[in-house]
Each structure stands twice: as structure tokens, then as C-alpha cells.
Amino acid sequence: MTAIAAAPQEMRTAIMLLDIGVVLLAGVLLGRVAKRLRQPVVIGEITAGILLGPSALGLLPGDLPHVIFPADVRPLLSAVSQVGLVLFMFLVGWEFEKRLIRPHIGLAAGVSLSSIVLAFGLGVALATVLHPRHATVAGQHISFTAFAVFMGTAMSVTAFPVLARILSDSKLLDTRVGTLALASAAIDDVLAWCLLAYVSALVSADGDYMDLALIGALSLAYVTLMLLVVRPLISRLVWRWAATGRWSALLAVLCAGAFGSAWLTSWIGIHAIFGAFLFGFVMPREPARVLAQHLRKPVENVSLVLLPVFFIVTGLGVDLGALNGTDYLMLTLIITVACAGKLLGAIVPARLFGLSWRESKDLGLLMNTRGLTELIILNAAVSLGVLDGRMFTMLVIMALVTTAMAAPLLSRREALATPPQEPVADFIGPRT
């Protein structure tokens with residue numbers, strides 16, 4: 001046993017704090033590199049995580065990933081990352097705006113459903129090839145149904161927050177393609193979280209249909225409670241306390257609500273992020289500027305400090321050296337299927353609704369952006385025991401490739417300057 005492994009709790013906590021400092025510096029450095037390459041900051045932060053893991057730093061003598069991030073400290077880092085993740089999902093739910101969907105409801109629904117159905121179907125078909133090679137995780141057999149539904153979900157994701165940032169950086173936010181992409185991705189995200197909730201319930205029930213039915217009933221009761229009881233209570237509380245300037249107390253109550261909702265969905269048998277998202281979804285949107293200044297901004301600042309820890313924890317699980325020749329062939333197939341599902345699923349309905357080839361192509365590229373949303377789903381699958389290390393590595397690389405390819409391949413703003421039906425230039429969503 002090493003000195004670090006045998007260190008008391010105080011030393012493990014001190015090492016964790018040092019590791020968080022390393023994580024933040026690496027994230028800032030690689031994030032700046034990503035921005036210079038016209039990529040979202042999240043690309044640089046994910047890359048920083050991979051470089052600090054076995055895929056790069058682990059190739060040097062001395063087993064540096066385990067020296068810098070000892071085994072006893074990693075659970076602490078994971079716990080910190082979950083705090084940032086829950087707050088981020090709370091913000092994603094809160095930022096969800098129905099006004100983005102209303103002007104484009106027909107086309108947005110067509111694009112979103114078409115891309116999800118095609119991508120999901122291709123993901124299930126891909127699972128028939130992958131499942132025999134990845135059916136056992138930590139000695140436990142994973143049913144084909146759970147694996148196939150998860151693969152379909154992983155192929156169906158569009159990263160709404162990353163998409164908003166790409167549109168803002170590319171000056172496409174106030175174009176027809178930009179607003180349509182945001183509206184479609186908003187619908188896509190909600191459906192993806194529902195699919196993940198189903199996968200979580202499926203794995204938690206472990207093939208017992210009575211347990212699955214119970215989880216479904218509890219989930220329905222939870223959603224009903226949030227919409228019919230919690231939403232009006234929160235609205236009254238926010239208006240009353242905002243009028244008296246009790247911002248600190250209100251901020252504490254809302255964060256406690258997000259954490260409590262996350263715990264409740266975990267107890268039910270669906271993932272914690274679903275609870276955080278729905279608690280944000282039922283939050284009041286008005287008065288918008290006051291809430292943004294006193295509540296949303298402080299939560300976002302805390303989340304953005306803690307989220308890089310999530311990327312590092314993710315990167316430590318990525319080991320390119322563990323992949324063999326067959327795995328790289330499978331990785332190529334995964335990327336191909338992922339791109340085909342979202343590109344064709346978005347381009348075809350866009351053309352049918354009268355968009356030009358250029359607009360349709362750009363819409364497909366934007367819908368193919370997976371980013372942080374994909375990483376959240378992948379980490380959820382690992383915690384549920386659905387993915388082994390090699391499969392996790394391949395899907396993280398797929399998420400990076402599909403996110404990185406969007407910005408360089410997008411058409412210039414001048415070519416897509418058709419104005420939207422309703423301006424949304426003030427919406428850029430969470431940074432990542």
C-alpha cells in the first residue's frame with residue numbers, strides 16, 4: 001500500500017483540493033486552445049480530461065494518472081463532479097424556453113422526431129453487432145434490451161447547451177437555421193432524458209416487469225407532483241421572497257430543491273440528473289432579468305467551476321491504449337452510424353419543409369452535436385453498469401468527433417441570413 005493510499009482522510013481531502021486546482025488550470029488552458037480552433041470550450045475541457053488520464057499521461061513512466069489522482073481520492077472527485085452536474089442540469093431545465101419552439105413547432109417537431117427515430121433505430125441495429133463483445137460488465141451480464149435501448153439513446157442525443165454556444169460563436173443564433181436548430185434540440189433533449197429515464201428504470205428493475213411497472217408509476221406520480229404542486233409553490237415563493245430581496249435564502253432553498261429532487265429520482269430508480277432537470281423545468285421564468293442576475297448567474301458560476309472536474313473524471317475512464325484493432329473498426333462504425341442518423345434524420349424533413357440544401361446541411365450538422373449531454377448519458381450508463389471501459393472510451397470519442405465537426409463545416413453566416421420569425425439573440429444558454 002502506498003503512502004498516499006494509506007493517508008488519513010485529511011490528506012485525501014487535501015489531495016482532492018490540489019487535484020481540483022490541476023483540473024481547473026488544465027481546463028482553462030485547453031479551453032483557450034479550443035476557442036482558438038473555433039471549437040466550444042467543452043471540447044478543450046474534455047480533451048484535458050483525456051490527456052490527464054491513461055490515454056496520454058499514463059504513457060509516461062511512473063503511472064502519473066494514479067500518482068496525481070490516487071484511487072482513494074477519485075470517489076471524492078466524482079462526488080464533487082456530481083454536485084456540478086446536478087446544478088448544471090438544474091440550469092438546463094430552467095433555461096428551457098417554450099418560446100423557442102412555438103414559432104417552429106411543426107418543422108422543429110418533424111426534424112427532432114425524425115432524427116431521433118432514425119438515430120435510435122440505427123443505434124439498436126448497431127447494438128446487435130456490439131452487444132456480443134460488450135455483454136458483460138464487471139462480471140454482470142447486460143441484457144440486450146437494456147444495451148440496445150441505451151445505444152439508441154446515445155445515438156439520438158443533441159447537446160442543447162453546446163449547440164446554443166456554437167450558434168452564438170458562429171453568429172447564427174438569429175437566423176432561421178439557428179432558431180430552428182435550437183427549437184429542434186430543445187424537443188430532442190427532453191425526449192433524450194425520457195429515454196435515459198426508461199433505461200435507468202429498465203436496469204434498476206433488472207428484468208422484473210413488476211418492478212419496472214412500479215418505477216413507471218412512481219415516475220409518473222413524481223412528474224405530476226412537480227408540475228401540479230411544486231411548480232405553483234415555487235412560483236409563489238420566488239415572487240414573495242424576490243419582492244423582499246431575500247436572494248441568499250432563496251438561492252439556498254432552490255439549490256436544496258434541486259439536490260432533493262435529484263435524490264428522489266435516484267430513489268425511484270431513474271437517474272439523478274432527471275430530477276435536477278425537472279426541478280429546473282418547473283422554475284418560474286419571470287421576472288427574467290432579475291432572476292438571471294440574482295439566482296441563475298450565481299448557480300451557473302458554481303456549476304462552471306465544478307463541471308471541469310466532471311470532464312476529468314470522464315477522461316480518467318477513457319483509455320485509448322486498451323482498444324484493439326477490432327475496437328477501432330467498431331469505433332469507425334459507431335461514428336458513421338451516429339452521423340448518419342442525425343444528419344439524414346434532420347436533412348430529409350428540412351428539405352421536405354422547403355429549406356435549401358445549405359440550410360438543411362447546416363441543420364443536420366448542428367443536430368449532430370452531442371457534447372456534454374452525451375457525456376452525462378455515458379456516465380449515467382457507467383454508473384448503471386451498462387457500459388464496459390472499452391465501450392465507454394469509444395462512445396466518448398464519438399461524442400468529441402461529432403461535436404468538433406460542426407463548427408468547421410458550418411456555412412458562413414451571410415449565406416444563412418434568413419431572419420427567424422422571432423428574435424432569440426439574447427439566448428445563449430449555459431456556457432458548455
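Structural data are supplied above this passage.
Residues numbered from 1 in each chain as written. Predicted model: local features only at pLDDT ≥ 70, side-chain atom pairs only at ≥ 80, totals over all residues. Heavy atoms only, no water.

Asker: Help me out: how do you make sense of the overall build of the protein chain in this one?
Answerer: The helix and strand inventory of the protein chain stands at 17 helices and two strands. A buried classification covers 55% of the 432 residues belonging to the protein chain. For the protein chain, restricting intrachain contacts to residue pairs at least 6 apart in sequence, the fraction spanning at least 24 positions comes to 83%. In the form shown here, the protein chain has an accessible surface area of approximately 17900 Å², with 68% of it arising from carbon and sulfur atoms. (Helix = DSSP H or I, 4+ residues; strand = E, 2+ residues; numbered from the N terminus. Buried < 20%, exposed > 50% of the residue type's maximum accessible area, 1.4 Å probe, protein only. Contact = heavy atoms within 4.5 Å. Areas by Shrake-Rupley, 256 points an atom, 1.4 Å probe, with all protein chains shown as cover.)

Asker: How should I be thinking about helix 2 (residues 41–51) in this particular structure?
Answerer: Each α-helix winds once per 3.6 residues, and so residues spaced three or four apart point in a common direction. Taken across its eleven residues, helix 2 has nine buried, putting it largely inside the fold. Buried within helix 2 are the following residues: Val 41, Val 42, Ile 43, Gly 44, Glu 45, Ile 46, Ala 48, Gly 49 and Ile 50.

Asker: It is not clear to me how the nonpolar core should be interpreted in this structure. Could you clarify?
Answerer: Note that soluble globular proteins tend to have their nonpolar side chains buried in a common cluster. Phe 150, Met 155 and Leu 395 are the most contacted members of the largest nonpolar core, which has 124 residues in total. Those residues in contact with Leu 395 that lie beyond four places of it in its chain are Phe 150, Met 151, Met 155, Ile 334, Leu 378 and Leu 387. One finds Ile 15, Ala 48, Leu 306 and Leu 316 within the second-largest nonpolar core, a separate group that totals 17 residues. (Core = buried A, V, L, I, M, F, W, Y, C linked by side-chain atoms within 4.5 Å.)

Asker: How should I be thinking about a nonpolar patch on the surface in this particular structure?
Answerer: A surface patch of nonpolar side chains, about 510 Å² in accessible area, is lined by Leu 118, Leu 344, Val 348, Leu 352 and Phe 353. One can find Leu 352 in helix 13 (residues 325–352). (Patch = residues over 30% accessible without salt bridge, like charges linked within 9 Å, V, L, I, M, F, W, Y side chains within 5 Å. Salt bridge = Lys/Arg side-chain N within 4 Å of Asp/Glu carboxyl O.)

Asker: Which parts of the structure should I look at to understand the environment of Pro 408?
Answerer: Checked against the element boundaries, Pro 408 lands in helix 17 (residues 406–409). Sequence-distant contacts of Pro 408, defined by excluding residues within four places in its chain, comprise Arg 38 and Gln 39.

Asker: How do you make sense of unusual backbone geometry when you look at a structure like this?
Answerer: What you tend to see is this: most non-glycine residues have negative phi, and most peptide bonds are trans. Positioned with a positive phi, Arg 38 is a non-glycine residue whose angle comes to about 60°. Note on placement: Arg 38 falls in the loop between helix 1 (9–36) and helix 2. Classification of Arg 38 as exposed rests on a relative accessible area of 53%. With a phi close to 50°, Asp 63 is a non-glycine residue in the positive phi region. One can find Asp 63 in the loop between helix 2 and helix 3 (64–68). A relative accessible area of 42% means that Asp 63 is categorised as partly exposed.

Asker: So what exactly am I meant to see when it comes to the packing of helix 13 against helix 16 (residues 389–404) here?
Answerer: Think of two packed helices as two axes; the pair is described by the angle between the axes and how far apart they sit. Across the interface, helix 13 lies against helix 16 with an axial gap of 10 Å and an inter-helix angle of 45°. Regarding the angle of helix 13 to helix 16, the classification is oblique. Helix 16 is crossed by helix 13, and the crossing has right-handed handedness. Contacts from Asp 327, Met 330, Leu 331, Ile 334, Ile 335, Ala 338 and Cys 339 in helix 13 reach Arg 390, Met 391, Met 394, Leu 395, Ile 397, Met 398, Val 401 and Thr 402 in helix 16. (Axes fitted to C-alpha atoms, helices over the stretch in contact; angles between N-to-C directions. Parallel < 35°, antiparallel > 145°, perpendicular 65-115°, else oblique. Left-handed = near helix turned anticlockwise from the far one by under 90°.)

Asker: Can you walk me through the packing of helix 1 against helix 2 in this structure?
Answerer: Orientation of helix 1 relative to helix 2, taken along the N-to-C sense of each, is 130°, at an axis distance of 7 Å. One way to sum up the angle between helix 1 and helix 2 is to call them oblique. Our pair here, helix 1 against helix 2, has a crossing hand that is right-handed. Contacts between helix 1 and helix 2 pair Ala 26, Gly 27, Leu 30, Gly 31, Ala 34 and Lys 35 from the former with Val 41, Gly 44, Glu 45, Thr 47, Ala 48 and Leu 51 from the latter.

These values are about where atoms sit, not about what they do.
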